[in-house]
Amino acid sequence: MVYIILISYLALTFWSSLIGSKTKNETPESYFLADRNLGVITLFFTLIATNFSAFFFLGFAGVGYKLGYSFYAEMAFGTTLAALSFFLIGNKVWKLGKEKGYITPIELIHKESNNSFLKWVYLITMMLFTFPYIAIQPQGAGILLESLTQEEISSHWGAILLTIIIIIYVLIGGMKSVAKTDVKQGVMMIILMIAAVFAIAYQLGGLDEAHQKVFDIKPELFSKDAGGKYTPQKWFSVCILWIACVPMFPQLFMRFFISKDLKTFKTSTLLYAIIPFFLFLLPVIIGVLGHLSFPDLSTKKEIDYILPKMLVEHTAPWFYTLVMTGALAAFMSTLDSQLLALSTITTRDIYLPFSKKKISLQQQVNIGRIGVIIFAFIGLIIALNPIGTIEEIIKMAFSGLAVLFPTTLFVLHYKKTNATACAISIIVGELIIIGMNMGWISKESVLGFDAVVPALFLSTLIIIIGSILYPKNK
Amino acid sequence: MEKGKTWLIIFSSIFLLSQFYFFKKDDTSLGILGFPSWIYSILFLQFLLIFFIYLFNKKYWK
């Protein structure tokens with residue numbers, strides 16, 4: 001049964017990518033940006049499938065088990081705030097992309113600021129902090145496949161197998177394939193998660209009764225501060241983090257270029273703002289109810305697997321396999337977009353400027369394809385030799401990308417922005433992020449806030465002072 | 001520019017209001033469907049935010 005469902009899912013994925021590739025991909029705009037022609041539904045699903053990785057399936061339930069409903073409040077409100085920053089950045093990015101033909105975030109920042117130093121600082125930062133995030137996708141997918149096949153496929157082979165599948169369908173059709181598969185994967189994620197909550201709550205006697213039972217044994221899961229774990233500084237830090245980091249993921253940033261018109265972009269973004277309030281609640285419910293069936297989980301791995309554990313305990317094997325395939329879809333839809341984004345950046349922003357001879361548009365597409373293969377294998381190598389836990393990697397990568405936000409905002413909206421000040425602001429911001437993560441700067445010295453708050457504060461201040469003292473001459 | 005400032009004030013106010021709600025100590029009690037009752041005030045805030053994002057989208061970005 002497991003193999004039938006898995007093979008059916010993979011066949012469906014290939015079929016979608018083949019549909020996506022039916023039209024020719026002979027130009028970079030076609031291969032990398034799906035001809036800038038996506039409609040509302042496709043754009044909306046590609047936004048959510050790309051952004052909501054497997055952390056949404058497994059991680060949310062796990063953290064829900066640990067912290068309860070306060071985690072839902074953080075994630076849902078934070079993601080809606082991120083939609084606001086999509087408007088602040090995305091509208092302008094779409095317009096400039098259409099007018100001037102930009103394909104990557106780096107191209108846009110480079111040309112709009114007219115500064116090569118800023119280009120390289122921005123590019124290195126974006127790539128450096130995206131790589132670890134790429135690596136956790138095959139890492140998680142491998143573990144999931146191992147658990148699904150009851151260790152018949154090891155996590156290492158699972159990671160390799162899924163990476164190869166993703167490479168094939170990204171190579172076939174580029175952004176069009178990725179977007180088409182994202183729609184299927186997004187729909188699958190949503191339907192299966194709703195079904196999982198209904199099935200589990202039904203088995204536990206309904207939501208009302210199940211909640212009351214958990215409340216009797218663990219009331220702190222229902223408190224707003226998760227039993228003292230959420231301080232005011234923590235709330236502030238996470239809200240700021242989501243506003244600044246989400247639009248800076250290269251795979252998300254590039255989606256600002258691909259809508260067919262501004263109205264499409266606005267409608268998709270509005271839908272993106274609405275969806276978290278109900279979607280994010282679902283895995284957290286399963287995590288909280290997990291205390292009824294598994295009250296004493298203590299290790300991180302056990303807690304991260306509360307969702308599969310609950311499904312095994314309360315639903316039929318075929319249903320469990322189906323929902324876990326949905327989690328696999330979440331992994332794959334994030335990884336394919338990350339690979340495509342990084343390979344696009346490599347082709348357009350690294351290879352082209354250094355290439356002495358003029359290369360054709362078709363050659364650019366082919367270089368992009370080679371980039372997909374190389375980055376997939378680098379991600380795989382890191383995944384097979386992990387540099388930290390998934391949570392540690394995510395924390396560092398997200399904060400690192402958030403530091404690019406003030407620069408992007410100022411370059412897009414303030415004509416007198418000093419580009420050198422922007423570059424310095426990124427370097428200083430990243431030093432603070434690294435310093436706090438390595439323990440060189442204590443949390444107490446920044447009043448208990450997470451690294452992202454002092455980093456963004458100082459970065460913004462540097463840009464403002466630099467641009468007032470040395471405004472860019474237009 | 002004046003219009004831009006107004007929107008900045010609106011969104012900053014919603015953000016600060018959300019922080020106030022998050023900071024505020026509440027008695028933990030269960031509401032509809034057994035969810036904690038404070039979750040409904042967060043949902044209200046979220047709807048408020050979405051509503052203003054909708055207006056911002058309609059009136060400011062043309």
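All figures in this text were calculated on a predicted structure; none of them were measured in a lab.

> So what's going on with the overall build of chain B? Which residues, and what values?
Each helix and strand in chain B was counted, giving two helices and zero strands. On C-alpha atoms alone, chain B measures out to a radius of gyration of 15 Å, which is more than a quarter above the 11 Å that the 2.2 N^0.38 rule sets for 62 residues. Overall size of chain B, expressed as C-alpha extent along the three principal axes, is 45 × 20 × 5 Å. Residue burial in chain B is summarised as follows: out of 62 residues, 37% are buried. Element-wise, carbon and sulfur atoms account for 71% of the exposed surface of chain B, whose accessible area totals about 3,700 Å².

> Talk me through the overall build of chain A; I want residue IDs and the actual numbers.
Scanning chain A from N- to C-terminus turns up 22 helices and zero strands. A compact globule built from 474 residues would reach a C-alpha radius of gyration of about 23 Å, and chain A, at 22 Å, matches this within 12%. In terms of principal-axis extent, the alpha carbons of chain A reach across some 65 × 55 × 40 Å. For chain A, restricting intrachain contacts to residue pairs at least 6 apart in sequence, the fraction spanning at least 24 positions comes to 84%. Accessible surface computed for chain A: about 17,700 Å², of which carbon and sulfur atoms make up 67%. The distance from the centre of the 36 positive side-chain charges to the centre of the 28 negative ones in chain A is 15 Å.

> Now, about the pattern of salt bridges: what can you tell me, with residues and values included?
Residue and element names in this part refer to chain A. Under the defined criterion, the tally for this structure stands at five salt bridges over all chains. We note a salt bridge from D450 to K443, for which the minimum N-O separation is 2.8 Å. On the basis of relative accessibility, which here comes to 15%, the residue D450 falls in the buried class. Each of K234, K443 and D450 takes part in one network of salt bridges that share partners.

> Lay out the environment of A:L84 in plain terms, naming residues and giving numbers.
Take A:L84: it is sitting in helix α5 (residues 69–100). Assessed through its relative accessible area of 12%, A:L84 is described here as buried. For the pair A:L84 and A:L171, spaced 87 residues apart in sequence, the C-alpha to C-alpha distance is 33 Å. In contact with A:L84, other than residues within four places in its own chain, are B:F11, B:I53 and B:F56.

> Which residues make up the interface of chain B and chain A, and what values do they have?
By convention, interface size is frequently given as the accessible area that disappears when the constituent parts associate. Listed as interface residues are 32 residues of chain B and, on the opposing side, 38 residues of chain A. Across the chain B/chain A interface, buried area totals approximately 3,300 Å², and carbon plus sulfur atoms make up 76% of it. Broken down by secondary-structure element, the contributors of at least two residues to the side of chain B that touches chain A are α1 (2–23) and α2 (38–59) of chain B. It is α2(B) that contributes the most residues to the side of chain B that touches chain A, 13 residues altogether. Taken together, the residues that form the side of chain B that touches chain A break down as 21 nonpolar, seven polar and four charged.

> Tell me what's going on with the environment of A:E107, and back it up with residues and numbers.
Residue and element names in this part refer to chain A. Within the element layout of this structure, E107 appears in helix α6 (residues 105–113). By relative accessible area, E107 is classed as buried at 8%. In this structure, the C-alpha to C-alpha distance between E107 and L123, residues 16 residues apart in sequence, is 9.5 Å. A distance of 2.6 Å separates polar atoms of two side chains, one belonging to E107 and the other to R348.

> Hey, could you go over the packing of aromatic side chains for me, with residue numbers and the actual values?
Residue and element names in this part refer to chain A. Counted by the stated rule, this structure contains 26 aromatic pairs over all chains. Ring geometry for F215 and F222: centres 5.4 Å apart, planes at 90°, overall edge-to-face. For the pair shown, F215 and F222 are each scored as buried. With centroids separated by 5.8 Å and ring planes inclined at 45°, the aromatic side chains of F253 and F256 adopt a geometry described as tilted.

> Could you give me a rundown of unusual backbone geometry, with the residues and numbers involved?
In this structure, A:L447 takes a positive phi of about 60° despite not being glycine. In the Ramachandran plot, B:L33 falls in the positive-phi region, its phi being about 60° despite a non-glycine side chain. Topologically, B:L33 is positioned in the loop between α1 and α2.

> For helix α14 (residues 281–293) of chain A, give the residues involved together with the corresponding values.
All names here are of chain A. The end-to-end C-alpha distance of α14, which contains 13 residues, comes to 19 Å, matching closely the 18 Å that a straight helix rising 1.5 Å per residue would cover. Burial analysis of α14 places 11 of its 13 residues in the buried class, the great majority of the element. Turning to α14, its buried residues number three or more, namely L281, L282, P283, V284, I285, I286, G287, V288, L289, G290 and H291.

> Can you break down the packing of helix α7 (residues 116–148) of chain A against helix α21 (residues 419–438) of chain A residue by residue, with the values?
Residue and element names in this part refer to chain A. Their axes nearest at 8 Å, the elements α7 and α21 cross at an angle of 30°. In terms of orientation, α7 lies roughly parallel with respect to α21. Considering the relative orientation of α7 and α21, their crossing is left-handed. Contacts between α7 and α21 involve F117, L118, V121, Y122, T125 and F129 on the former and, on the latter, A419, C422, A423, I426, I427 and E430. Within the contact of α7 with α21, the residues separate by chemical class into 10 nonpolar, one polar and one charged.

> Just give me the short version of a positive patch on the surface, but keep the residues and values in it.
On the surface, A:K263, B:K3, B:K58 and B:K59 cluster together into a positively charged patch. Topologically, A:K263 is positioned in helix α12 (residues 262–274).

> Please give an account of the confidence of the model for chain B that cites residues and values.
Caution applies to low-pLDDT regions: their predicted coordinates should not be interpreted in detail. Confidence in the prediction of chain B, expressed as mean pLDDT, is 81, and 90% of residues score 70 or more. Among the prediction metrics, the complex's ipTM stands at 0.87, with pTM recorded as 0.88.

Calculation criteria
Residues numbered from 1 in each chain as written. Chains lettered and ligands numbered in written order. Predicted model: local features only at pLDDT ≥ 70, side-chain atom pairs only at ≥ 80, totals over all residues. Heavy atoms only, no water. Helix = DSSP H or I, 4+ residues; strand = E, 2+ residues; numbered from the N terminus. Rg over C-alpha atoms; globule rule 2.2 N^0.38 Å. Buried < 20%, exposed > 50% of the residue type's maximum accessible area, 1.4 Å probe, protein only. Areas by Shrake-Rupley, 256 points an atom, 1.4 Å probe, with all protein chains shown as cover. Contact = heavy atoms within 4.5 Å. Lys, Arg positive; Asp, Glu negative; His and termini not counted. Charge placed at Lys NZ, Arg CZ, Asp CG, Glu CD. Salt bridge = Lys/Arg side-chain N within 4 Å of Asp/Glu carboxyl O. Buried area = accessible area lost by both parts, 1.4 Å probe. Nonpolar A, V, L, I, M, F, W, Y, C, P; charged D, E, K, R; others polar. Polar contact = N/O pair within 3.5 Å; in protein donor to acceptor, adjacent residues only side chain to side chain. Phe/Tyr/Trp six-rings, centres within 6.5 Å; stacked < 30°, edge-to-face > 60°. Expected span 1.5 Å × (residues − 1). Axes fitted to C-alpha atoms, helices over the stretch in contact; angles between N-to-C directions. Parallel < 35°, antiparallel > 145°, perpendicular 65-115°, else oblique. Left-handed = near helix turned anticlockwise from the far one by under 90°. Patch = residues over 30% accessible without salt bridge, like charges linked within 9 Å, V, L, I, M, F, W, Y side chains within 5 Å. pLDDT = per-residue confidence, 0-100.

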